[in-house]
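Listed below, chain by chain, are the residues.
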Amino acid sequence: MNSFSHRFSPFVDPIGRVSDKPFSQEDGITDNPLLFTGEGLLLLSLLGRLEKSDIAFCDNALVEVEVAPGLYRRQPAYYQNQYKIPMNAVSHDEYNGVCFMVAASPEFFRSYALDIVNYGERYGWQFNDIAPRTNFFEALFSSPLKTIKELRAYLKDAKENPHDTNSVDLRHPAHIIALGQWRQLRDRAFYKIAAGIDLSLFDTLYLTIATLLSASGDPFKSRGGTKLMSWFRILAIKRLNGEGLLLKLAHKLFERILTKKLGTDYPHKLILNYFDRNDDGLRHPMIMLVKEYLELQKKH
């Protein structure tokens, strides 16, 4: 067993990606596996424990889910619901996970971030693995009336069938579905940092504001996932030397706000709340890694 999969066992799927729960062959589903794998790889790097075999292992897992350069799917093969319809399209969380891998080992993974940016710029920042290489905006510019009519039909169908989104998707053109996987400016800015591309002032301002907004509100809303993601994103940006003056200020304010709400060990409390929810008594390895990282920071 590879050292990476051994560290995270039994929270690892058959192709080596980390899951938020022990992997079950019966279930066969891993939720946000690239995100959790990227987070784990980044923590190991920050702790000075990342090995070449870990990098190669995670690279193989990433290749398994690559649809095209810069476009990834959540599962090696799409699983099906009771209606035998493909589902579980990739989310922006997975792309953040790839960028966390870049931060863990820029010399090895940076090309993946460049692929993401190139794909995004080519296809209007729409990363739809079920409808690859489709662009809503190109269709809108070439046939505006037809595309608007298609979009209205899709929105009507989605409103009438809110609990059957996968069937709704299959009834409409690919370029309409692609709009649902459009990436926000915050995510694009982070992809560019991971790719080693200098941000425009507009990108920087948007990411700065998004970081500050993510610190507001209930820290445990959505199991604390939003704030936890922001914390990992801050770690990655620092690791990639992507902090300018504005982002550095936003990061300090983010830390101050969360510290006031939860204490100086807020990352541990967030990840404990997010992962420590298994009925079988197993504790996710990510919890201990975050705790060890925070202890290491205190020594410095």
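The notes below deal with the structure included here.

Rules used in this analysis
Residues numbered from 1 in each chain as written. Predicted model: local features only at pLDDT ≥ 70, side-chain atom pairs only at ≥ 80, totals over all residues. Heavy atoms only, no water. Helix = DSSP H or I, 4+ residues; strand = E, 2+ residues; numbered from the N terminus. Rg over C-alpha atoms; globule rule 2.2 N^0.38 Å. Contact = heavy atoms within 4.5 Å. Lys, Arg positive; Asp, Glu negative; His and termini not counted. Charge placed at Lys NZ, Arg CZ, Asp CG, Glu CD. Salt bridge = Lys/Arg side-chain N within 4 Å of Asp/Glu carboxyl O. Buried < 20%, exposed > 50% of the residue type's maximum accessible area, 1.4 Å probe, protein only. Axes fitted to C-alpha atoms, helices over the stretch in contact; angles between N-to-C directions. Parallel < 35°, antiparallel > 145°, perpendicular 65-115°, else oblique. Left-handed = near helix turned anticlockwise from the far one by under 90°. Nonpolar A, V, L, I, M, F, W, Y, C, P; charged D, E, K, R; others polar. Patch = residues over 30% accessible without salt bridge, like charges linked within 9 Å, V, L, I, M, F, W, Y side chains within 5 Å. Areas by Shrake-Rupley, 256 points an atom, 1.4 Å probe, with all protein chains shown as cover. Core = buried A, V, L, I, M, F, W, Y, C linked by side-chain atoms within 4.5 Å. Expected span 1.5 Å × (residues − 1).

**Quick look at the overall build of the chain**
Point 1. Each helix and strand in the chain was counted, giving 15 helices and two strands.
Point 2. Here the chain has a C-alpha radius of gyration of 20 Å; the compact-globule value for 300 residues is 19 Å, and the two agree.
Point 3. The dimensions of the chain, computed from C-alpha atoms along their principal axes, are 60 × 50 × 35 Å.
Point 4. Intrachain contacts of the chain at a sequence separation of at least 6 include 65% that bridge at least 24 residues.
Point 5. A distance of 6 Å separates the average location of the 38 positive side-chain charges in the chain from that of its 35 negative side-chain charges.

**A short note on the pattern of salt bridges**
Point 1. This model, assessed by the stated rule, comprises 11 salt bridges.
Point 2. A salt bridge links Glu292 to Arg49, with the shortest nitrogen-to-oxygen separation between them at 2.5 Å. Residue Glu292 is located in helix H15 (residues 285–299), and its partner Arg49 is located in the loop between helix H2 (33–46) and helix H3 (52–64); the two are separated by 243 residues in the primary sequence.
Point 3. Linking Arg171 and Asp157 is a salt bridge whose minimum nitrogen-to-oxygen distance equals 3.0 Å. Note that Arg171 is positioned in the loop between helix H8 (165–170) and helix H9 (174–178) and Asp157 in helix H7 (residues 144–160), a separation of 14 residues in sequence.
Point 4. You can call Asp157 buried: its relative accessible area is 12%.

**Some words on the packing of helix H4 (residues 92–104) against helix H10 (residues 185–195)**
Point 1. At a minimum axis separation of 9 Å, H4 and H10 run at an interaxial angle of 20°. One element, H4, and the other, H10, form an angle in the roughly parallel class. Here H4 and H10 pass one another in a crossing that is left-handed. Contacts between H4 and H10 pair His92, Tyr95, Asn96, Cys99, Phe100 and Val102 from the former with Arg186, Asp187, Phe190, Tyr191 and Ala194 from the latter.
Point 2. Taken together, the residues of the contact of H4 with H10 break down into seven nonpolar, two polar and two charged.

**Quick look at a positive patch on the surface**
Point 1. Residues Lys238, Lys248, Lys252 and Arg256 make up a contiguous surface patch of positive charge.
Point 2. When residues of the positive patch are assigned to their parent elements, the largest contribution, three residues, is made by helix H13 (residues 245–262).
Point 3. Looking at the element boundaries, Lys248 is found in helix H13.
Point 4. A relative accessible area of 39% means that Lys248 is categorised as partly exposed.

**What to know about the nonpolar core**
Soluble globular proteins tend to bury their nonpolar side chains together.
Point 1. In terms of nonpolar packing, the biggest core is built from 70 residues, with Phe109, Trp231 and Phe232 touching the most fellow members.
Point 2. In this view, Phe109 contacts Leu41, Ile55, Cys58, Asp59, Leu62, Met101 and Val102; residues no more than four positions away in its chain are not counted.
Point 3. In terms of nonpolar packing, the next biggest core, distinct from the first, is built from five residues, Phe136, Tyr154, Ile176 and Ile177 among them.

**Focus: a nonpolar patch on the surface**
Point 1. Taken together, the side chains of Leu201, Leu205, Ile209, Leu213 and Leu246 present a nonpolar region at the surface, about 470 Å² in accessible area.
Point 2. No other element matches the four residues that helix H11 (residues 201–214) contributes to the nonpolar patch.
Point 3. Structurally, the position occupied by Leu213 is in helix H11.
Point 4. On the basis of relative accessibility, which here comes to 57%, the residue Leu213 falls in the exposed class.

**Side note on the environment of Leu253**
Point 1. When you line up the elements, Leu253 lands in helix H13.
Point 2. As for Leu253 and Leu212, which are separated by 41 residues in sequence, their C-alpha atoms are 7.2 Å apart.

**Some details on H2**
Point 1. Between its terminal C-alpha atoms H2 stretches 20 Å, which fits the 20 Å expected from 14 residues at 1.5 Å a residue.
Point 2. The element H2 is largely enclosed, with a buried count of 14 among its 14 residues.
Point 3. Directly beyond the C-terminal end of H2, a positive phi value near 75° is found at Gly48.

**Some thoughts on the packing of helix H5 (residues 106–122) against H10**
Point 1. Here H5 crosses H10 at 140°, and the two axes come no closer than 8 Å. One way to sum up the angle between H5 and H10 is to call them oblique. The hand of the H5/H10 crossing is left-handed. Here Arg110, Ala113, Leu114, Ile116 and Val117 of H5 come into contact with H10, specifically with Tyr191, Lys192, Ile193, Ala194 and Ala195.

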